[in-house]
Amino acid sequence: MKIEQNKSLKSLNTFGIDVAAKYFTEIRSVEEFKELRGDRRFSGEEKLILGGGSNILLTKDFDGWVIRNAIPGGTITSETETEVILRAGAGVEWNDLVFGCIEKNYGGLENLSLIPGLVGAAPIQNIGAYGAELKDTFHELEAIDLRSGAPVKFNAGDCAFGYRDSVFKHKFQGQFLINSVSFRLAKLSAPKVHYHFRVEYGDVRETLGEMNVQDLSLKAVSDAICRIRRAKLPDPKELRNAGSFFKNPAVSLTQFKVLASQHSKVPHYPQEDGTVKIPAGWFVEQCGWKGKRAGRVGSHKTQALVLVNYGGATGQEILEFSEIISRSVKKRFGIELSREVNVV
Ligand code: FAD
Ligand code: EPU
């Protein structure tokens, strides 16, 4: 295993921020991690687990040990006539897992097509898109307690999944290295399976219509979602970004009514708990930020919620730009935006 010092993380985060890690290693197995854990150089060092770096904003050099989790592999650990439990290594590219499942006709992950990053990070914020979330198919995950080195399993209840949220963002923040995630998927090839395709999301229905899809399939749903995403979201390889910078806020029904009386077209999604979710991108656009650029950073022209690094920006510049945006939303609408991106 290579232990690198003063390693640039520029190519390892999708914002393309050029900061350095005091120590850096890439691990490909739990055993490798255990071996390194015993190395005296790392004792007492702060640790940062890195996946694909697509939901992180690095604002300074990391004075500690960055561990890039590249644990590979995928195995079916059990199956019935209608379902499989598939365990994937934390270092597998999320989208490779999704496309692999589509090929095998395993249903459940297709709505989460094209989300960047690695499998191990997916439970951290319970990734979601187009009417599905990781928690819908999550079975369990295996992790290592970074403090004791002990292996621990988490089931869905233990993870306390919420909208872009889990126990790993609160009580257990930075405490575990996730090494595999298992999913419960439907076998669409089995005769007894009546699969419910999730195509209620407006854009998905419309796009399937434009594509003239008559018979739904995992591939058709995935293709429609890929088409929407490619049209809306900038590819980080071409324009550095980390997807939605803020979460969509949920407001009380009373707050929503006040807002709707002033803005009849405000997009909104009623939630089961009685609150109403409003796209943060709408607030950002209403405040005039969509497509605006301030030096080396900006808000994207087709999705105001996506902040971009036009080249050479520091993490601090992006953070400051985001704070200006959230202050303006607070001033105009009284809404406090919370960040989705993890600031380090
Ligand atoms: P990283 O950015 O490397 O890490 C994110 C966090 O997880 C960090 O706190 C890190 O320490 C921790 N972490 C990473 N791996 C592990 C591990 N193995 N064990 C413990 N902790 C770990 N997200 C959505 O939910 N829905 C979307 O539709 C979506 N679209 C996106 C579109 C674009 C263009 C981009 C750039 C991002 C988008 N995202 C979306 C955000 C991002 O892709 C997801 O959050 C993804 O799960 C992050 O994975 P990663 O491997 O890049 O994580
Ligand atoms: N909108 C605007 N202006 C904008 C952007 C959006 O007014 O600049 C309004 C429009 O009314 C639009 C609506 O917001 O119809 C919803 O926009 P979109 O479908 O792009 O979705 P979103 O709510 O902005 C969320 C997730 C995305 C996810 C999509 C699809 C959050 C914070 N973001 O975006 O996730 O891909 O829905 O499900 O929940 C991410 O987490 O990084 C991410 C990209």
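In this text the structure is predicted, and so the values were computed from the model without any measurement.

Around ligand 2, 23 residues are found, and the nearest of them are Tyr130, Tyr163, Glu285, Gln303 and Glu340. A distance of 2.7 Å separates an oxygen atom of ligand 2 from a polar atom in the side chain of Tyr163. The separation between a nitrogen atom of ligand 2 and a polar main-chain atom of Gly281 is 3.5 Å. For ligand 2, the accessible surface in isolation is 810 Å², of which the surrounding protein chains cover 83%. For the shell around ligand 2, the leading source of residues is helix 7 (residues 280-286), giving 3 residues. Residue composition of the shell around ligand 2, by class: 11 nonpolar, 5 polar and 7 charged. Per-domain counts for the shell around ligand 2 show at least three residues from each of domain 2 (74-230) and domain 3 (240-343).

Turning our eyes to something else, we now look at the nonpolar core. Membership of the largest hydrophobic core comes to 46 residues, with the highest contact counts inside it found for Trp94, Leu97, Leu141 and Phe168. Listed by contribution, the elements that provide at least two residues to this core are strand 7 (83-89), helix 2 (94-103), strand 11 (138-145), strand 13 (176-187), helix 4 (202-210) and helix 5 (218-232). Each residue touching Trp94, except ones within four places of it in the same chain, is listed here: Leu109, Leu112, Ile115, Gly117, Leu118, Val119, Ala122, Ile127, Leu134 and Phe183. Of all hydrophobic cores here, the second largest spans 42 residues; its members include Ala21, Phe245, Val297 and Ala313.

The next thing to look at is the packing of aromatic side chains. For the structure shown, the criterion picks out 18 aromatic pairs. Judged by centre distance (5.2 Å) and plane angle (80°), the ring pair of Phe172 and Phe176 falls under edge-to-face. Taking relative accessible area as the criterion, Phe172 reaches 18% and is therefore assigned buried. Taking relative accessible area as the criterion, Phe176 reaches 11% and is therefore assigned buried. The rings of Tyr23, Phe33, Phe42 and Trp65 are connected pair by pair, giving a single aromatic cluster. One Lys or Arg, Lys7, reaches over the ring of Phe24 and ends 5.1 Å from the middle of that ring. Here Arg293 stacks its cationic end above the ring of Tyr310, 4.0 Å away from the centre of that ring.

A few words now on the side chain of Thr207. Here Thr207 shows up in helix 4. By relative accessible area, Thr207 is classed as buried at 8%. Sequence-distant contacts of Thr207, defined by excluding residues within four places in its chain, comprise Ala224, Arg227 and Ile228.

This brings us to the domain arrangement of the protein chain. In terms of domains, the protein chain is made up of domain 1 (3-69), domain 2 (74-230) and domain 3 (240-343). Distance from the C-alpha centre of domain 1 to the C-alpha centre of domain 2: 25 Å. Contact with domain 1, which involves 13 residues of that partner, is made by 15 residues of domain 2. The contact between domain 1 and domain 2 buries some 1,100 Å² in all, and 64% of this surface belongs to carbon and sulfur atoms. In this assembly, domain 1 and domain 2 are joined by 0 salt bridges. Listed by contribution, the elements that provide at least two residues to the side of domain 1 that touches domain 2 are helix 1 (30-37), strand 3 (46-50) and strand 5 (62-69).

Let's shift gears to helix 1. The set of residues buried in helix 1 consists of Val30, Phe33 and Leu36. What you see down the axis of helix 1 is that its buried residues fit within an arc of 125°, all on one side. Exposed side chains of helix 1 directed beyond 90 degrees from the buried face belong to Glu31 and Glu35.

Glancing now at the pattern of salt bridges. The full count for this structure, using the stated rule, is 21 salt bridges. The closest approach of N and O atoms between Glu83 and Arg184, which form a salt bridge, is 3.0 Å. In this pair, Glu83 is assigned in strand 7 and Arg184 in strand 13, connecting sequence segments 101 residues apart. The exposure class of Glu83 is partly exposed, given its relative accessible area of 28%. The partner of Lys135 in a salt bridge is Asp136, with the nearest N and O atoms 3.8 Å apart. Three or more residues are tied together by salt bridges with common partners; here these are Glu110, Glu133, Lys135, Asp136 and Arg198.

What counts as what
Residues numbered from 1 in each chain as written. Chains lettered and ligands numbered in written order. Predicted model: local features only at pLDDT ≥ 70, side-chain atom pairs only at ≥ 80, totals over all residues. Heavy atoms only, no water. Near = heavy atom within 4 Å. Polar contact = N/O pair within 3.5 Å; in protein donor to acceptor, adjacent residues only side chain to side chain. Areas by Shrake-Rupley, 256 points an atom, 1.4 Å probe, with all protein chains shown as cover. Helix = DSSP H or I, 4+ residues; strand = E, 2+ residues; numbered from the N terminus. Nonpolar A, V, L, I, M, F, W, Y, C, P; charged D, E, K, R; others polar. Domains from an automatic or database assignment. Core = buried A, V, L, I, M, F, W, Y, C linked by side-chain atoms within 4.5 Å. Buried < 20%, exposed > 50% of the residue type's maximum accessible area, 1.4 Å probe, protein only. Contact = heavy atoms within 4.5 Å. Phe/Tyr/Trp six-rings, centres within 6.5 Å; stacked < 30°, edge-to-face > 60°. Lys NZ or Arg CZ within 6 Å of the ring centre and 35° of its normal. Buried area = accessible area lost by both parts, 1.4 Å probe. Salt bridge = Lys/Arg side-chain N within 4 Å of Asp/Glu carboxyl O. Arc of directions from axis to C-beta.

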